[in-house]
Amino acid sequence: CSWFGGDDNEIKIDASKASPETLYNNGVDSLNDSHYDLAIKQFQAVEQNYPFASWAVNAQLMEGYAEYKRQHYSDAVAILDHFIQLHPAHRDIAYAYYLRALCYYEEIADIQRDQRTTLDALKALQEVVNRFPDSAYARDARLKIDLCNDHLAGKEMEIGRWYERQHLYTAAINRFQTVVNQYQTTNHVAEALHRLTEIYLILGMKDEARKTAAVLGYNYPGSTWYEDSYNQLADDNLLPGTGTKGAPPPPPDRSFFDRTLGSIF
Amino acid sequence: QDRQSAAPATQSGSAPKSAAHTRSASRAVAAGGLIQQIRIEGAQRVEPGTIESYMLVQPGDPFDPDRIDRSLKTLYATGLFSDVSLTRQGNTLVVKVVENPVINRIAFEGNHKLSDDQLRADLQLRPHGVFTAAAAEADRQHILDLYAKKGRYDAHVDPKLIHLANNEVDVVFEINEGETTLTSKIVFVGNQAFDESRLREVIASRQQAWFRLLSSSDEYDPDRVKYDKELLRRFYLKNGYVDFEVKNATAELSPDRKSFVLTFTLSEGERYRVGKVSVDSQLHKLNGDDLLPDVQLETDDWYDGDAVERSVNLITRDVQARGYPFVEVKPRISRNKAKHIVDLVFIVGDGPRVYVERIDIQGNTRTEDKVIRRQFAFAEGDAFSADTAKTTRQRLQDLGYFSNVNVTPSPGSAPDKAIITTAVQEKSTGELSLGGGYSTDAGALLDVGIKEKNLLGTGVQANANAVLAQYQNSIDLSLTDPYFLDRNLVAGVDLFYVDINDFFVAQYSERRGGVAFRLGYDFNEHIRQSLNYTFVDRDVYNVYEGYPYLQGPAFIGPVLVPEHYALFGGTSYYIRAQANWTTLSQFGQTFTVDYRDSPTNPHAGWLARLGVDAAGAGGSSAFIRTKVDGQAFIPLDAFTGNSDWGISLSAGAGQLFNLGQNEQFIDRFFLGGDNLRGFLPGGAGPHDAFTGDALGGRFIYTQSTELHFPLPVSPDLGVSGRAFVDVGGLVGANFENGRCPGSGYPLSYFGIPTNAGSVCPPISSNYNYAPRLGAGVGVSWQTPFGLINIDVAPFVIKQPQDQTELIRFGFGTRF
Amino acid sequence: CSFFEARPQVRGNLVDTDTLKELVPGTSTRADATALLGSPTAKATFDDNTWVYIGEVTQPQVGRTQDVVSQEVVLLSFNNAGVLEHVRTLNQDNSYPVEMASGATPSPGSEASLLQQLFGSIGKYNPLGGALGNQPGAPTGGANTNTQ
């Protein structure tokens, strides 16, 4: 497409005369050619000129999609919210919720920054899963929920590591325990357990250190963090007889905590 | 199109919402029978399916008036409809709706003080949204409140509707801002101890005056009047009026609604002296008397509210340092009305035991989390106290990254646990500064700078600065990380290039470019040290011979010389001998002990610094240069009762030891300009007897006494005056064993008929330790366009060949 | 000498010895412990019956992160009925030397690239965009029947 704004091959159609269908299809075409600004104008033309035709309803949804594609997420959310309020029983309502969740999802900040956008995304994605549990969108939403949780866990770990480097062990323990308790499904749990072992050793709590390392070994036998814990315990010669290296692999589909309690008692 | 008023009362067409709502509900639907069909009329934009989903009755349900009425209410609650009516026709339930119009555009007319965006910020009405009369009224009130805050109590706002096709509307807010209501007069009733003009200085509100064109302090603002009452209470308490009370503060609007008259009625009561002072400690193993030194008041002093508050803070901090994290200090005053004596008891008790469970930081969309977290005076798990929260908030604000910081505790998972939520509002920390100005050192100058205090949110400061001036051009880039590797370490690197043409000091130009590495650390809050390594390539150039002229018979040293040619002008022989590229490789350290009350504008306390620089290590000049200097600030509040008065004393000395070969003259100390006002920069000290060029010196001492005083003009103008006396001395421009580098001028040059021998130009006042003195007055004026500094030093004591300077003028602006 | 010393700072919950003596194993309950020492600084990760009170005194050091001058840990283990079984106190001598493992678990999209932070909008985050096919297909591109 040409670099300089207006397309040369765009034929100026008088919006009021053309049928809603042609306007709508023009919009879809410019959307596919990724001329999002043009597509938005064409969908708005449908809404203005044929406000009560079913086309206008679809055009509104497509306008939201075009805004999403050109990364104007807040505008997209405003339009989709309006669509959901006006047409709660529309055929594509699931898609509207899903698109709205994606808009929040795109604005997640990296773990050093404020995670408010991640929490918004989580709420919106959860709404998609609750309202349309078996739709295709729900499957993707569940995966994105895991990614959001992983992100939040990443932030807790980042702060925990910083406190540990500053020798502030109380703060570090609480942060790592939050990851272990609230973000069990994320892949940060292995490192959290290792960090807890480290801190328990620094504080001299050798039984807790052994127990935490055992849980880490039992649940994540292959993880490098378990190796670190193992070596750390070996360096402080706390290993005789407590090695759980050869523990049997955990039976499938028991939740993390059942496996944990199972391994201790 | 014609504009219809959107105010509910006069909305034409349909009766106001609430009325319609009740009228149709009263025609109860006849009960009995089943609803066979629901017919919806008047729905255009909203789909029938949507309306049915909100209805509580479906086809096949009985005609139950109660549920039908509730359906009516839910339909109204959606806010989609201006009117709904449910009627029964046979067995069909007819739902007749009139849809609320959808807003196409919102516009404002007549707003100057507030921009469209400020007004549109939190309106309920939204483009694409549904228009309701209630939301329009709420927005009208919201806009009126915004104007009230701006001091416009006379504003009128009325929303107007432009009806478009297919039930869409444009909403236009027609605004008439009216005049700002100013405070024309401030009156005090019942004040014997202090006169009205003194009290007017205390409060924040000001009377209307010509020079207050730009400031808003003369606009009437009810919140500020409340604050004034608090300022008055603190002022009287500070001066011992324990029974003081502001009876009331009223503001009467003048008949033309243009201005207010503010009246404060006060009851001063008597002035009290301090009687017995004691500290009663209820903490076990802590004796109250040990804390007496922290109390800032003695018996027979006048009672002082601020001193009591300072004492409470000092005692709290002292007790906490002794290992009692949870302490609460309450001052109790017992009055003896007859003798106007008040006894003071500080009760030290157990405070609420609260630990920090978690610190949540919000709003940092740009700054990294650890950059904020490392400023906290406490960590998670520590004891929480209001004092540490206040210090943390102050530290975060001093960073300069945030326009607003709030540190608020909220209950945690256990009664003695608190979650600290820190909400920050980031502001742009990048500064593109474009400055112009004139200073006697550099002449007219243009200053272009890019400063970023929080590079990428990592807390690193980066700035690039270029100064183009008549006599001085410089470019420097610098990068500083205040917490290098998360440690108590400040690391920085500077790249610089400077080109100076100091024809004041001598006829030569100097250019130098190089790199410097800095590493600093704090021993504790008062003592810090910084190490640095600098590598500089520099060149002295633009030196020239000067031209010969015929000079009559004259004595050169002991010899009487007949008529001969001598040089006029030109650069000093000593300087010309050193006009070449040299490199300086220097390690330096600065050790600082800083007990001032504030680094930016100190008012009390003192500072001492020791600097040692060692050059050599591959550089072309080798020397050790030591500098020691100190400053002391003496507040004069006790005598003048006004914190603008103050004396600042400063003194310094420096000695350069060269190791082996001669140092470059540009490495020596120079006296005059900033360190000795009344003299040209480098104008005082040893000079080349022939050409008068300043050669610097190896030993320098300076001393300055400055009295700061406010000028009898309203503080709003930001003008402050000073009187100063500067003293200084500089000696030691001689070269190794008195010989000048190279051979000096050949004697024949002066017409002395010998073929061998030469003479080095004598150096005037080379061993003259006598002090130079410059005394005068100065004023600095913080204008909205920049800071203007003027120093006039008429009274000067100088040595021969010193070059003086009456006025120093500096004006720099950032825009 | 103290002139150079930085002021040490108390961290966490330093339990003083004689209040600890008032807790008698076998009789004191969780409520007594909370009343005397406050709620625990932390609980053992997988065993709510072990309460941990951690107290430290840290001091800023020159050129390094702050040092732990003294450290004290009190462990109270209760039985399931909530009665105190035994009390252990540990201090710096019981501490084991630990070298903090470097590295961290990467969380996707955690490092917005330098240029992106400088010029792009921070927080552009869609690491698995392509893989998951999360490009939302346009709904029913063509006309749809009017449901009226």
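For clarity, every value in this text was computed on a predicted model and none was experimentally measured.

Engineer: How do you make sense of the overall build of chain B when you look at a structure like this?
Structural biologist: When its secondary structure is counted, chain B shows 12 helices and 40 strands. For chain B, the residues scored as buried account for 45% of the 815 residues in total. Pairs at least 24 residues apart make up 61% of the contacts formed inside chain B by residues separated by at least 6 positions.

Engineer: Hey, could you run me through the overall build of chain C in this one?
Structural biologist: Looking only at helices and strands, one finds 3 helices and 5 strands in chain C. The helix and strand sequence of chain C, counted from the amino end, reads β-α-α-β-β-β-β-α. Within chain C, the proportion of its 148 residues that are buried is 39%. Carbon together with sulfur atoms contributes 55% to the accessible area of chain C, which is approximately 7700 Å² in total.

Engineer: Looking at this structure, how should I read the confidence of the model for chain C?
Structural biologist: The predicted coordinates ought not to be read in detail in places where the model reports low pLDDT. All names here are of chain C. Overall, the predicted model of chain C reaches an average pLDDT of 74, with 72% of residues at or above 70. Summarising per-element confidence for chain C, the mean pLDDT is lowest in helix H3 (residues 114–118) (53) and highest in strand S4 (residues 67–78) (90). In this model residues 119–148 is a low-confidence stretch, pLDDT under 50, and it forms 61 contacts with partners more than four residues away in sequence or in other chains.

Engineer: Please explain the sheet that holds strand S12 (residues 327–336) of chain B as it appears in this structure.
Structural biologist: Whether parallel or antiparallel, the strands of a sheet pair through hydrogen bonds between backbone atoms. Residue and element names in this part refer to chain B. Taken in spatial order, the 3 strands line up as S11-S13-S12 in an open sheet, and their pairing is mixed. Edge positions in the open sheet fall to strand S11 (273–281) and S12, since each of these has one partner strand only. Within this sheet the neighbouring strands show an average axis-to-axis angle of 20°, counted without direction. Sheet topology note: the S12/strand S13 (residues 341–350) ladder contains 10 bridges and is antiparallel. Looking across to S13, one finds that Val329 is bridged to Val348. Of the strands in this sheet, S11, S12 and S13 touch helix H8 (residues 305–321), which is tilted by about 145° from S12.

Engineer: Got a minute to help me understand the sheet that holds strand S16 (residues 417–426) of chain B in this structure?
Structural biologist: All names here are of chain B. Spatially, 3 strands are ordered S14-S16-S15 in an open sheet, and the strand pairing comes out mixed. Each edge of the open sheet carries a strand with a single partner, namely strand S14 (355–362) and strand S15 (402–411). Put simply, the sheet's adjacent strands are angled 20° from each other on average, direction ignored. Sheet topology places S14 next to S16; 7 bridges connect them, and they run parallel. Bridge pairing in S16 places Ile359 opposite Ile420.

Engineer: What am I meant to see in the environment of Val467(B) here?
Structural biologist: As for its position among the elements, Val467(B) is in strand S19 (residues 460–469). Residue Val467(B) is classed as buried on the basis of its relative accessible area of 17%.

Engineer: Please explain a nonpolar patch on the surface as it appears in this structure.
Structural biologist: Judged by side-chain polarity, Leu434(B), Leu446(B), Val448(B) and Leu468(B) come together as a nonpolar surface patch covering roughly 300 Å² of accessible area. In this structure Leu446(B) comes out as partly exposed when scored by relative accessible area, which is 39%.

Engineer: It is not clear to me how the interface of chain B and chain A should be interpreted in this structure. Could you clarify?
Structural biologist: By a frequent convention, interface size equals the accessible area lost on bringing the separate parts together. Each partner contributes residues to the interface: chain B has 32 residues there, and chain A has 26 residues. Between chain B and chain A, a total of about 2600 Å² is buried, with carbon and sulfur atoms accounting for 50% of that surface. Summed over the three residues of chain B that lose the most area to chain A, namely Arg45(B), His128(B) and Glu380(B), the buried surface amounts to 20% of that side. Across the contact surface, chain B and chain A share 4 salt bridges. Taken together, the connections running from chain B to chain A amount to 10 residue pairs in polar contact (both at pLDDT 80 or more). Of all the secondary structure elements, the ones that give two or more residues to the side of chain B that touches chain A are helix H2 (48–54), S14 and helix H9 (369–373) of chain B. With 6 residues, S14(B) is the largest single contributor of residues to the side of chain B that touches chain A. Partitioned by chemical class, the residues of the side of chain B that touches chain A number 7 nonpolar, 12 polar and 13 charged.

Engineer: Teacher, can you tell me more about helix H5 (residues 133–149) of chain B here?
Structural biologist: Because each turn of an α-helix spans 3.6 residues, side chains separated by three or four positions end up pointing in the same direction. Residues and elements named next belong to chain B. The terminal C-alpha atoms of H5, which comprises 17 residues, lie 25 Å apart, in line with the 24 Å expected from a rise of 1.5 Å per residue. Looking at the buried residues of H5, the elements they touch are strand S5 (102–109), helix H4 (116–120), strand S6 (156–163) and strand S7 (168–176). Taken from the residues just after H5, Gly151 is the one with a positive phi, measuring 85°.

Engineer: Help me understand the pattern of salt bridges, please; the structure alone is not making it clear to me.
Structural biologist: A pair can form between side chains of opposite charge whenever their charged atoms are brought close. With the rule as written, the count across this model stands at 62 salt bridges over all chains. One salt bridge connects Arg131(A) with Glu127(A), and the closest N-O pair in it is separated by 3.3 Å. With Arg131(A) and Glu127(A) both in helix H6 (residues 116–131) and 4 residues apart, this pair spans about one turn of that helix. A residue is classified by how much of its surface remains accessible, and Arg131(A), at 47% relative accessible area, is partly exposed. For Glu127(A), a relative accessible area of 25% gives the class partly exposed. The salt bridge partner of Arg677(B) is Glu706(B), with a shortest N-O separation of 2.8 Å. Residue Arg677(B) is found in the loop between strand S31 (646–658) and strand S32 (687–688), and its partner Glu706(B) is found in strand S33 (residues 699–710); the two are separated by 29 residues along the sequence. When its relative accessible area of 10% is taken as the criterion, Arg677(B) is described as buried. A cluster of three or more residues bridged by salt bridges with shared partners is formed by Lys155(A), Glu156(A), Arg175(A), Arg358(B), Asp360(B), Asp369(B), Arg373(B) and Glu380(B).

Engineer: What is the right way to look at the confidence of the model for chain B in this model?
Structural biologist: All names here are of chain B. For chain B, per-residue confidence averages 82 on the pLDDT scale, and 89% of positions sit at 70 or higher. Taken element by element, the predicted model of chain B shows its lowest mean pLDDT in helix H1 (residues 17–26) (39) and its highest in strand S29 (residues 605–615) (94). Scored below 50 in pLDDT, residues 8–27 shows 21 contacts in the model against residues more than four places distant or in partner chains.

Cut-off values and rules
- Residues numbered from 1 in each chain as written.
- Chains lettered and ligands numbered in written order.
- Predicted model: local features only at pLDDT ≥ 70, side-chain atom pairs only at ≥ 80, totals over all residues.
- Heavy atoms only, no water.
- Helix = DSSP H or I, 4+ residues; strand = E, 2+ residues; numbered from the N terminus.
- Buried < 20%, exposed > 50% of the residue type's maximum accessible area, 1.4 Å probe, protein only.
- Contact = heavy atoms within 4.5 Å.
- Areas by Shrake-Rupley, 256 points an atom, 1.4 Å probe, with all protein chains shown as cover.
- pLDDT = per-residue confidence, 0-100.
- Pairing = 2+ DSSP bridges.
- Axes fitted to C-alpha atoms, helices over the stretch in contact; angles between N-to-C directions.
- Patch = residues over 30% accessible without salt bridge, like charges linked within 9 Å, V, L, I, M, F, W, Y side chains within 5 Å.
- Salt bridge = Lys/Arg side-chain N within 4 Å of Asp/Glu carboxyl O.
- Buried area = accessible area lost by both parts, 1.4 Å probe.
- Polar contact = N/O pair within 3.5 Å; in protein donor to acceptor, adjacent residues only side chain to side chain.
- Nonpolar A, V, L, I, M, F, W, Y, C, P; charged D, E, K, R; others polar.
- Expected span 1.5 Å × (residues − 1).

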